[in-house]
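What the coordinates show
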Amino acid sequence: VKTHLGHYTDALILAEDSYNHARTNTYHIESYFRCLVRSANPDKSILVRLIKEMKNSQDAHRDIIASTLEAEYKFYIERDFQASFKMIENLLKDTSDSYRNYPLRSLREMCKSLDNLSYYKSVKKKYSLKENFYFDEPS
């Protein structure tokens, strides 16, 4: 909610605090990563550790979540946009359950930050993905 409202510093503080109180909770790992990777001065070593923790978690969807986090790391930290987009497309191609929305949401955020929602829309069309009004703006 704080991120959506544009309160990024508060969101990062809350996410870090939640993570520190429950380090094995995948929701806290993921939210801390997402806030930190988008922050002004992300700590790369913490980001790498969070990806590793997600990979080692007990969550049934840990592989797709960790892979999405890796794609976000490529995008936000390494600034390798093409590799990041390719990683997300591979996840969408290889995943068929509702967790497809997870990498799709990340792709939308990445494309929006580059002012390139046309790529996002082309990927949705390519994989016949329905619009999700939780994070999509109606056409």
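Keep in mind it's a predicted model, so treat the numbers as computed, not measured.

What about the nonpolar core?
Of all hydrophobic cores here, the largest spans 37 residues; its most connected members are Y32 and F33. Elements supplying a minimum of two residues to this core: helix 1 (8–21), helix 2 (26–37), helix 3 (44–55), helix 4 (62–76), helix 5 (81–94), helix 6 (101–113) and helix 7 (117–126). At 8 residues, the largest contribution of residues to this core is made by helix 4.

Some points on the environment of L117
Note that L117 resides in helix 7. Here L117 falls in the partly exposed class, since its relative accessible area comes to 24%. The spacing of L117 and L107 is 10 residues in sequence and 9.3 Å in space, taken between C-alpha atoms. Among residues more than four places away in sequence, those in contact with L117 are R108, C111 and K112.

Points about the pattern of salt bridges
As enumerated under the stated definition, the model contains 10 salt bridges in all. A salt bridge links R34 to E72; its shortest N-O distance comes to 2.9 Å. Of this pair, R34 sits in helix 2 while E72 sits in helix 4; the two residues are 38 residues apart in sequence, bridging distant segments of the chain. The buried category is assigned to R34, whose relative accessible area is 13%.

Notes on the environment of T9
Relative to the helices and strands, T9 is located in helix 1. The exposure class of T9 is exposed, given its relative accessible area of 57%. Spatially, the C-alpha atoms of T9 and R105 are 21 Å apart, while their sequence positions differ by 96 residues.

Side note on helix 4
Taking 1.5 Å per residue as the helical rise, helix 4 with its 15 residues ought to reach 21 Å, and the 21 Å between its terminal C-alpha atoms agrees with that figure. By the burial criterion, the buried members of helix 4 are I64, I65, A66, T68, L69, A71, E72, Y73, F75 and Y76. In this structure, the buried side of helix 4 is in contact with helix 2, helix 3, helix 5 and helix 6.

Here we look at the packing of aromatic side chains
Within the structure shown, the criterion is met by 5 aromatic pairs. With centroids separated by 4.8 Å and ring planes inclined at 15°, the aromatic side chains of F85 and Y119 adopt a geometry described as stacked. Taken together, the positions of F85 in helix 5 and Y119 in helix 7 put the pair 34 residues apart, joining distant regions of the chain. Look at F85 and you get buried, because its relative accessible area is 9%. Among the aromatic residues, ring-to-ring pairing joins F75, Y76, F81, F85 and Y119 into one connected group. R108 extends its terminal NZ or CZ atom over the ring of Y120, reaching a point 5.9 Å from the ring centre.

What about the environment of L104?
Among the structural elements, L104 can be located in helix 6. With a relative accessible area of 0%, L104 lands in the buried category. Taking the C-alpha atoms as reference, L104 lies 8.1 Å from K124; in sequence the two are 20 residues apart.

Rules used throughout
Residues numbered from 1 in each chain as written. Predicted model: local features only at pLDDT ≥ 70, side-chain atom pairs only at ≥ 80, totals over all residues. Heavy atoms only, no water. Core = buried A, V, L, I, M, F, W, Y, C linked by side-chain atoms within 4.5 Å. Buried < 20%, exposed > 50% of the residue type's maximum accessible area, 1.4 Å probe, protein only. Helix = DSSP H or I, 4+ residues; strand = E, 2+ residues; numbered from the N terminus. Contact = heavy atoms within 4.5 Å. Salt bridge = Lys/Arg side-chain N within 4 Å of Asp/Glu carboxyl O. Expected span 1.5 Å × (residues − 1). Phe/Tyr/Trp six-rings, centres within 6.5 Å; stacked < 30°, edge-to-face > 60°. Lys NZ or Arg CZ within 6 Å of the ring centre and 35° of its normal.

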